[in-house]
Amino acid sequence: MITAVYPGSFDPVTYGHMDIIERAAKLTDRLVIGVLKNNTKTPLFSSDERVNMLKKVTASLPNVTVRSFEGLSVDFAREEGAAAIVRGLRAVTDFEYELQLAQTNRALAPGVDTIFLTTNLKYSYLSSSTVKEIAFFGGDISGFVHPEIAAMVREKIKEKQ
Ligand code: ADP
């Protein structure tokens, strides 16, 4: 039984993340999505809100579960008995940071490998921060996030403005 974890901020979850989740779920027996609580960036959504969003958009994937975690991704992976950490690669700009992270994680936990899935080209430009910026200025985000997520982003931004 192969378990993998997919850690990230998911603030909010985008079609780019969902593409990685669907593909990683096919490669593993069990995929645990980890919503990072102790992020240095101040998130728009609380970790509970982000967990609920991810649960909504992954409801049709039986081998996917979602939880929040604090601390190191390798500790989260070990807690879940995961053989691998899944990360998405969009462009060369992601590569340097992700490589450093993967090498550090290997040094910390040699038993946990990192699996990179390259993004679907359709979503290679897409990030949660772009989605928030567009929504903040009243732009249309329907091509980037699930309709229910789009409604939650618009609502949250209205509250903040
Ligand atoms: P983090 O703060 O950990 O980078 P993110 O939620 O921004 O959290 O990203 C989580 C993971 O998803 C990272 O591996 C990131 O590269 C990947 N990712 C983000 N956006 C996309 C996308 N559009 N296509 C593929 N992978 C993506």
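Now for a description of the structure that goes with this document. (Residues numbered from 1 in each chain as written. Predicted model: local features only at pLDDT ≥ 70, side-chain atom pairs only at ≥ 80, totals over all residues. Heavy atoms only, no water.)

### Re the site of the ligand
The immediate surroundings of the ligand are formed by 17 residues, with Y6, S9, F10, G88 and L126 found nearest. A distance of 2.7 Å separates an oxygen atom of the ligand from a polar atom in the side chain of Y6. Surface burial for the ligand is 91%, taken as the share of its 540 Å² of free accessible area covered by protein chains. Judged by the fraction of its atoms near the pocket grid, the ligand is located in the largest pocket. Looking at the shell around the ligand, the elements with two or more residues in it are β1 (3–8), α1 (15–27), β4 (84–89) and α4 (92–108). Looking at the shell around the ligand residue by residue, the class counts come to six nonpolar, six polar and five charged. (Near = heavy atom within 4 Å. Polar contact = N/O pair within 3.5 Å; in protein donor to acceptor, adjacent residues only side chain to side chain. Areas by Shrake-Rupley, 256 points an atom, 1.4 Å probe, with all protein chains shown as cover. 1 Å grid on protein atoms, 1.4 Å probe; cavity = no way out; pocket = protein on both sides within 12 Å on 5 of 7 lines; lining within 4 Å. Sits in = over half its atoms within 2 Å of the grid points. Helix = DSSP H or I, 4+ residues; strand = E, 2+ residues; numbered from the N terminus. Nonpolar A, V, L, I, M, F, W, Y, C, P; charged D, E, K, R; others polar.)

### A few points about α1
The end-to-end C-alpha distance of α1 is 19 Å, a good match for the 18 Å that 13 residues give at a rise of 1.5 Å each. All of the buried residues in α1 are G16, H17, M18, D19, I20, I21, A24 and A25. For α1, the side-chain oxygen to backbone nitrogen distance between the N-cap and G16 is 3.1 Å, and the N-cap itself is T14. (Expected span 1.5 Å × (residues − 1). Buried < 20%, exposed > 50% of the residue type's maximum accessible area, 1.4 Å probe, protein only.)

### A closer look at the side chain of R87
By secondary structure assignment, the location of R87 is in strand β4. For R87, the residues in contact, after removing those within four places along its chain, are Y6, P7, G8, Y97, E98, L101, T114, I115, F116 and L117. (Contact = heavy atoms within 4.5 Å.)

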